[in-house]
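# Notes for the structure review
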Amino acid sequence: MTAPPALDLTALVRPAVHAISSYIPAKVEPGAERVIKLDMNESPYGPSPRTRAALAGFVATQRYPSFDAIELRQHVAPYLGVPVEQVSAGAGLDDVLNNLMTLLIDPGDEIVISEPTFGVYRALASLRGGVTVDVPLTPAPDFTLRPEAILAAIGPRTKLVVICDPNNPTGNPFDPAAVERVVANAPCLVAIDEAYAEFAGTTAIGLMARHDNVCVLRTMSKFAGLAGMRVGYGAFPPALMPLLWRVTPAFCNLSAASQAAAVASLADLDYLRREVVGRIVADRDALAAGLRSIPGVEPFPSVTNFILARLPVAGAGPVVARLAARGVHVRYFGNPALGLRDCLRVSIGTPAEHAVFLDELQAALAAKGIAA
Ligand SMILES: Cc1ncc(COP(=O)(O)O)c(C=O)c1O
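Note that the coordinates shown come from a computational prediction; the quantities given were computed from them, not determined experimentally. (Residues numbered from 1 in each chain as written. Predicted model: local features only at pLDDT ≥ 70, side-chain atom pairs only at ≥ 80, totals over all residues. Heavy atoms only, no water.)

Moving on, we get to the overall build of the protein. Helix and strand counts for the protein come out as 14 helices and 13 strands. At 21 Å, the protein has a C-alpha radius of gyration in line with the 21 Å of a compact globule built from 372 residues. In terms of overall dimensions, the protein has a C-alpha envelope of 65 × 60 × 55 Å along the principal axes. Evaluated residue by residue, the protein yields a buried proportion of 49% over its 372 residues. Restricting the contact set of the protein to residue pairs at least 6 apart, pairs at least 24 apart contribute 71%. Accessible area for the protein stands at about 16700 Å²; split by element, carbon and sulfur atoms hold 58% of it. Charge separation in the protein, taken as the distance between the mean sites of 31 positive and 34 negative side-chain charges, equals 3 Å. (Helix = DSSP H or I, 4+ residues; strand = E, 2+ residues; numbered from the N terminus. Rg over C-alpha atoms; globule rule 2.2 N^0.38 Å. Buried < 20%, exposed > 50% of the residue type's maximum accessible area, 1.4 Å probe, protein only. Contact = heavy atoms within 4.5 Å. Areas by Shrake-Rupley, 256 points an atom, 1.4 Å probe, with all protein chains shown as cover. Lys, Arg positive; Asp, Glu negative; His and termini not counted. Charge placed at Lys NZ, Arg CZ, Asp CG, Glu CD.)

Structure (structure tokens):
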């Protein structure tokens, strides 16, 4: 008997999966002496006191969570000011975005985004054979949304426009009139990703009362310090909800502990606003001043918990690598198409972390060969 030919399991995998590239997070060496993580826009302060208490007292692990995350959604609804029936949740905003793409995107369907922006939109669309049409923001330092160009880019296959407001990684908010212009005239769904809304203090949620083609997406990862618990949610038009439920996994993909943590955080908003958002905003402005004091470094204005800064180098890769080797992790955008190769993005950490980061950045820029 001849042996069957060796089976190439990778040949079974969909071409769309072969075509996308993997996200490579910053590598933190285990046991590293110093780890200052300013690369993922996490909160340096962790969860609120009520959330800590809820998690410490959480014991009901033998029970499945509520099928439709109802308690969490009941807390989200008044927070956003929308009916609970319009709220969906997921294991992080990435998961909510994933459900949205499953809902809308068939091979050949299009989404419109404005780069440089959050990379997950493009990746999730490509996984389904979707085509991403980029209508770039205006160049630095303004990074302005171009509503007319977005509307012109919408074709018969366009299902979704995604607007990240405030935008990651540029840190700026968009003109609300420009956002509404897109929503009012787009013959498709418009998703507003408000992952950083709590830092900006603005929201597009009011658009939902005036337009039936808009959804607003949020996360507990940033201002609430729950990145590790994975909780995101969104408010959607009523017409989509029954269909969105069909593609939402049971329990909204949320563990009971994650739901309890999010509920406790939404009951601790005063604390989060005062002790977390207030501090981060003040420290952000101090960090921007520190960056500006380094010759040639240009921080762009930010209303978020991170700052994009241009460095006086052709490519920021070696600077970011040197910082990482010294235990200071920030984000670098190497893809030339994004036009940010001379930039780094730094999350707002503690003042002590900023002091180390600024010292190390200054040293890296002064190091021989790096500025070439
Ligand atoms: C703009 C934007 N949207 C969504 C997310 C995903 O957030 P989550 O941690 O809730 O999945 C992030 C995380 O960095 C983000 O920056």
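And the narrative resumes.
Turning our attention to the sheet that holds strand β6 (residues 189-193). Here we have seven strands laid out as an open sheet, ordered β2-β8-β7-β6-β5-β3-β4, and mixed in their pairing. What marks the edges here is a single partner per strand, and that holds for β2 (87-90) and β4 (131-134). Within the sheet, the average angular offset between the axes of one strand and its neighbour, ignoring direction, is 25 degrees. Here three bridges tie strand β3 (residues 110-113) to strand β5 (residues 158-164), and the two strands are oriented parallel to one another. Its bridge partner lying in β5, Glu110 is registered against Thr158. Most of the contacts of helix α4 (residues 93-104) go to strand β7 (residues 214-219), to which it runs at about 150 degrees, and overall it touches β2, β3, β5, β6, β7 and β8 (232-235). Packing of helix α7 (residues 176-185) onto the sheet brings it into contact with β5, β6 and β7, and relative to β6 it is tilted by some 155 degrees. (Pairing = 2+ DSSP bridges. Axes fitted to C-alpha atoms, helices over the stretch in contact; angles between N-to-C directions.)

Relative to each other, helix α2 (residues 49-56) and helix α11 (residues 256-266) sit at 150 degrees, their axes nearing to 8 Å. Between α2 and α11, the angle falls in the class roughly antiparallel. Pair α2 / α11 crosses with right-handed handedness. On α11, the residues that touch Arg50, Thr51, Ala54 and Leu55 of α2 are Ala257, Ala260, Ala261, Ala264 and Ser265. (Parallel < 35°, antiparallel > 145°, perpendicular 65-115°, else oblique. Left-handed = near helix turned anticlockwise from the far one by under 90°.)

A few words now on the packing of aromatic side chains. Counted according to the given criterion, the structure contains six aromatic pairs. For the ring pair Tyr79 and Phe223, a centre distance of 6.5 Å and an interplane angle of 15 degrees mean the geometry is stacked. Taken together, the residues Tyr79 in helix α3 (residues 70-80) and Phe223 in the loop between β7 and β8 connect sequence positions 144 residues apart. For Phe223, a relative accessible area of 2% gives the class buried. Geometrically, the ring pair formed by Phe118 and Tyr121 is edge-to-face, given 5.5 Å between the ring centres and 75 degrees between the ring planes. (Phe/Tyr/Trp six-rings, centres within 6.5 Å; stacked < 30°, edge-to-face > 60°.)

Leu93, Asp193, Tyr196, Thr219 and Ser221 are the nearest of the 14 residues found near the ligand. Leu93 is positioned with one of its backbone polar atoms (N or O) 2.6 Å from an oxygen atom of the ligand. In this structure, Asp193 approaches the ligand through a side-chain N or O atom, which is 2.6 Å from a nitrogen atom. Considered on its own, the ligand offers 390 Å² of accessible surface; in the complex 92% of this is hidden by protein. (Near = heavy atom within 4 Å. Polar contact = N/O pair within 3.5 Å; in protein donor to acceptor, adjacent residues only side chain to side chain.)

A few words now on the domain arrangement of the protein. Segmenting the protein into domains produces domain 1 (14-46 + 270-366) and domain 2 (49-268). The centre of domain 1, based on its C-alpha atoms, is set 23 Å off from the matching centre of domain 2. Across the boundary between the two partners, domain 1 contributes 33 residues, which contact 33 residues of domain 2. Around 2400 Å² of area is buried between domain 1 and domain 2 when both sides are counted, 67% of it from carbon and sulfur atoms. On the surface where domain 1 and domain 2 come into contact, there are zero salt bridges. The element that contributes the greatest number of residues to the side of domain 1 that touches domain 2 is helix α12 (residues 269-292), accounting for nine residues. (Domains from an automatic or database assignment. Buried area = accessible area lost by both parts, 1.4 Å probe. Salt bridge = Lys/Arg side-chain N within 4 Å of Asp/Glu carboxyl O.)

This part covers the sheet that holds strand β10 (residues 306-310). Taken together, four strands build an open sheet; the order of strands is β9-β10-β13-β12 and the sheet is antiparallel. One side of each edge strand has no neighbouring strand; the edge strands of this open sheet are β9 (298-299) and β12 (331-332). Bridge count between β9 and β10: two bridges; the pairing is antiparallel. In the sheet register, Glu298 faces β10, and the bridge partner there is Arg310. Those strands touched by α12 are β9, β10 and β13 (343-347), and its axis lies near 10 degrees from that of β10.

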